[in-house]
Amino acid sequence: MAIKNAIAVMTSGGDSPGMNAAARAVVRTALFEGVKVFGIHNGYKGMLNDEIEELTARSVSDLIQRGGTFLGTARCKEFKTVEGRRKGLDNLEKHGIEGLVIIGGDGSLTGGSMLSKEGGIPIVGLPGTIDNDVWGTDYTIGCDTAANTAVDAINKLRDTASAHRRIMVVEVMGHTSGWLALVAGIASGAEFVIVPEVKYDLDDICRQIVESYQGGRRYSIIVVAEGACSGVGLKNVVQEKTGIDTRVSILGHIQRGGSPSVEDRMKASMLGERAALAIISGASDVVFGFDEGKVVSINLFDSVYNKKTLDPELVRLSSVLV
Ligand code: ADP
């Protein structure tokens, strides 16, 4: 059934650059269509605590260039219980909210699927995570900015590694997914990329590094996804096996922040508009994402029940180029 009165938008789980651009597009599209928009602050926690306020076009001014999320985000254990979700649904009803756009990762979208199943409220999801690990879409909001941030850091680490003839282990975020590490590794020209999805032979990697140093190489960069192994542990083993001075750099939360790239701003804006139009026209249980450059809709339940795998083409390319 088409929505006549009000929708809400929220960001949830780990923040990612471009969430603001997506929320802004949802708000401005809904207002353009004559539908009120509420912002739910601090994810599901805010939904349960009734941190819900009506937004205007001005509420989302001066935001498209900002990282983080103006709505705030949080993790909420209570929402994982039926009683918690009931409390959230009651608050939505109190404000006359007839549909909800959720911008977040796998966990947040799973929570949304439960709200839909238990409360019957229309839910549209947008994948927002730097990990790019949501099934059914080859893009998630923030992944491009995070990859650029990681590549920029690796460029800098390469300079200092080369000056000292060091091996540099760079630990990249990504939760259980190796996408960010793989893309950052390929785009920065790292010698080795270690990701959870692909088997690796550390003895062989160390042997190749020693040989390359004997051939005159000045440095070596190993990018490791946090889900594969700890950067510190890896550094210790590599140093011991190669006998070469090895350092570790854990990129950490800088990968989450920063002004979103043009790609993230554009794609987040396109997804935000589609999400608002879909929910207003009565759609539910869909996630909007990208497939080969085009916006696509994915069934929400398919998206949360399936696990995304790494693109084998990227894995192959990485093995050829590094
Ligand atoms: P992300 O959305 O970035 O993957 P999380 O996995 O931490 O982040 O999920 C964010 C929030 O979504 C959680 O704090 C919780 O409130 C809700 N959530 C996550 N998984 C579930 C689940 N299986 N059932 C219900 N709610 C969930």
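What you are looking at is a predicted structure, and each value in this text was computed from that prediction instead of being measured. (Residues numbered from 1 in each chain as written. Predicted model: local features only at pLDDT ≥ 70, side-chain atom pairs only at ≥ 80, totals over all residues. Heavy atoms only, no water.)

Caption draft 1: Highlighting the site of the ligand. The environment of the ligand is made up of 16 residues, and the closest members are Arg75, Cys76, Gly105, Gly107 and Ser108. The separation between an oxygen atom of the ligand and a polar main-chain atom of Gly14 is 3.1 Å. Within the backbone of Gly105, a nitrogen or oxygen atom sits 3.1 Å from an oxygen atom of the ligand. Relative to its unbound accessible area of 550 Å², the ligand is 79% covered by the protein chains. In terms of residue class, the shell around the ligand is built from 4 nonpolar, 8 polar and 4 charged. (Near = heavy atom within 4 Å. Polar contact = N/O pair within 3.5 Å; in protein donor to acceptor, adjacent residues only side chain to side chain. Areas by Shrake-Rupley, 256 points an atom, 1.4 Å probe, with all protein chains shown as cover. Nonpolar A, V, L, I, M, F, W, Y, C, P; charged D, E, K, R; others polar.)

Caption draft 2: Up close: the sheet that holds strand β4 (residues 100–104). Pairing within the open sheet is mixed, and its 7 strands lie in the order β3-β2-β1-β4-β5-β10-β11. Pairing within the sheet leaves two strands with one partner each, and these edge strands are β3 (52–55) and β11 (294–299). The sheet shows a mean angle of 30° between the axes of neighbouring strands, direction not considered. Pairing geometry for strand β10 (residues 286–291) and β11, over 6 bridges, is antiparallel. Bridge pairing in β11 places Val287 opposite Ile298. In the packing of helix α1 (residues 19–32) onto the sheet, contacts are made with β1 (6–12), β2 (36–40), β3, β4 and β5 (123–127), and the angle to β1 comes to roughly 180°. (Pairing = 2+ DSSP bridges. Helix = DSSP H or I, 4+ residues; strand = E, 2+ residues; numbered from the N terminus. Axes fitted to C-alpha atoms, helices over the stretch in contact; angles between N-to-C directions. Contact = heavy atoms within 4.5 Å.)

Caption draft 3: Just the packing of aromatic side chains, in detail. Tallying each qualifying case throughout the model produces 3 aromatic pairs. Pairing Tyr139 with Phe290 gives two aromatic rings, centres 5.7 Å apart and planes at 85°, and the pair type is edge-to-face. Taken together, the positions of Tyr139 in the loop between β5 and α5 (143–164) and Phe290 in strand β10 put the pair 151 residues apart, joining distant regions of the chain. Taking relative accessible area as the criterion, Tyr139 reaches 2% and is therefore assigned buried. Take Phe290: its relative accessible area is 1%, and that puts it in the buried class. Between Phe301 and Tyr305 the ring centres are 6.2 Å apart and the planes differ by 35°, which places this aromatic pair in the tilted class. In this pair, Phe301 and Tyr305 both sit in helix α10 (residues 300–305), 4 residues apart, roughly one turn of the helix. Looking at Tyr305, the relative accessible area reads 56%, which means it is exposed. Over the aromatic face of Tyr139 sits the side chain of Lys267, whose NZ or CZ is 4.9 Å from the ring centroid. Here the basic side chain of Lys267 rests over the ring of Phe290, its NZ or CZ set 4.9 Å away from the ring centre. (Phe/Tyr/Trp six-rings, centres within 6.5 Å; stacked < 30°, edge-to-face > 60°. Buried < 20%, exposed > 50% of the residue type's maximum accessible area, 1.4 Å probe, protein only. Lys NZ or Arg CZ within 6 Å of the ring centre and 35° of its normal.)

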